[in-house]
Amino acid sequence: MALFGKKQPREAKTPFCSAVIVAAGSASRMGGTDKIMTELGGEVVIRRTIRAFEENPHISEILIVTREALLEPIAKLCADAAFTKTRSVLLGGQTRSDSVRAGLDNLSKKAKYVAVHDGARPLVSQEIITKTVRSAVKYGAAAPAIPVKDTIKRAKNGFILETPPREELFAVQTPQVFDVDLLRAALHDAAEKNAALTDDCSAVERIGMRVFLTEGEERNLKITTPPDLHMAESFLQNETEVKPE
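The shown structure was predicted, so the numbers you read here are calculated from the model rather than taken from an experiment. (Residues numbered from 1 in each chain as written. Predicted model: local features only at pLDDT ≥ 70, side-chain atom pairs only at ≥ 80, totals over all residues. Heavy atoms only, no water.)

Visitor: An account of the pairing of strand 6 (residues 113-118) is needed here, citing residue identities and associated values.
Guide: Extensive coverage of strand 6 is indicated by the burial of six of its six residues. Direction of pairing for strand 1 (residues 17-23) relative to strand 6: parallel, over a ladder of six bridges. Across the sheet, Ser18 pairs through a bridge with Val114, a residue of strand 6. Pairing analysis gives four bridges linking strand 6 to strand 11 (residues 176-179), with the strands arranged antiparallel. In the strand pairing of strand 11, Tyr113 is matched with Asp179. (Buried < 20%, exposed > 50% of the residue type's maximum accessible area, 1.4 Å probe, protein only. Helix = DSSP H or I, 4+ residues; strand = E, 2+ residues; numbered from the N terminus. Pairing = 2+ DSSP bridges.)

Set out below in structure tokens:
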């Protein structure tokens, strides 16, 4: 059984939580398709992603960080959709951490927490956003995750070194939610020391902060390759088929 944190955060009014949606990647593995601007179930991927946070009552503002070519198209998309929480569309940096820092630099002064989310995860549910924000408010840092299904091997030069216990392994998703000051300090420290980061959790982990895991969902996948897009379409199709008359 998955070893997720069992304690439930207490009910309380959520402090001001901003969402930074990172959509600055090059989409190099999509075979020429721009994953952010492609359609999924009749709606552009990035619009579907933004809408999930627009509709969540625990999110107070949204900032989108993207590459230069998409600044105007995404700003227009937000205007056409009449999103009320979108505060700005910003130019990202060379790395994901640079892009996240650009978002942090432009947060409202009211922001106490920040939810960092991949723009290419358009099927994130309201439940995941809510649970992760509430857990971050209680623990300082939280992220959704799902147990890995396959046996994982650690290897070097083609040879297996060890087999970590599968029950201890999780695939971490987004949104990853943090106390704003904590994430700022962690990213600053990583940049100063030129530390390699695989995600935002890695930044706070390396300065000794524990991240609470909430339960993720298979449908909250990141669209990175064409098969991922087909899988996301399948999730949507299955949901449509099971809807009551």
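Visitor: Can you explain helix 5 (residues 180-192)? Please cite residues and give values.
Guide: Taking 1.5 Å of rise per residue, 13 residues should cover 18 Å, and helix 5 covers 18 Å from first to last C-alpha, within 8% of that figure. Within the sequence span of helix 5, burial applies to Val180, Leu182, Leu183, Ala186, Leu187, Asp189 and Ala190. Considering only its buried residues, helix 5 is in contact with helix 3 (96-105), strand 6, strand 7 (141-147), strand 11 and helix 6 (200-205). Looking at where helix 5 begins, the residue whose side-chain oxygen comes 3.0 Å from the main-chain nitrogen of Asp181 is Asp179. Just downstream of helix 5 lies Asn194, where phi reads positive at about 55°. (Expected span 1.5 Å × (residues − 1). Contact = heavy atoms within 4.5 Å. Polar contact = N/O pair within 3.5 Å; in protein donor to acceptor, adjacent residues only side chain to side chain.)

Visitor: Describe in detail the packing of aromatic side chains, supporting the description with residues and values.
Guide: Taken as a whole and assessed by the stated rule, the structure comprises one aromatic pair. Aromatic side chains Tyr139 and Phe212 sit 4.2 Å apart centroid to centroid with 15° between the ring planes, which places their arrangement in the stacked category. Here the residue Tyr139 occupies a position in helix 4 (residues 126-139), and Phe212 occupies one in strand 12 (residues 212-215), the gap between them amounting to 73 residues. A relative accessible area of 24% places Tyr139 in the partly exposed class. (Phe/Tyr/Trp six-rings, centres within 6.5 Å; stacked < 30°, edge-to-face > 60°.)

In short, geometric facts, not functional conclusions.
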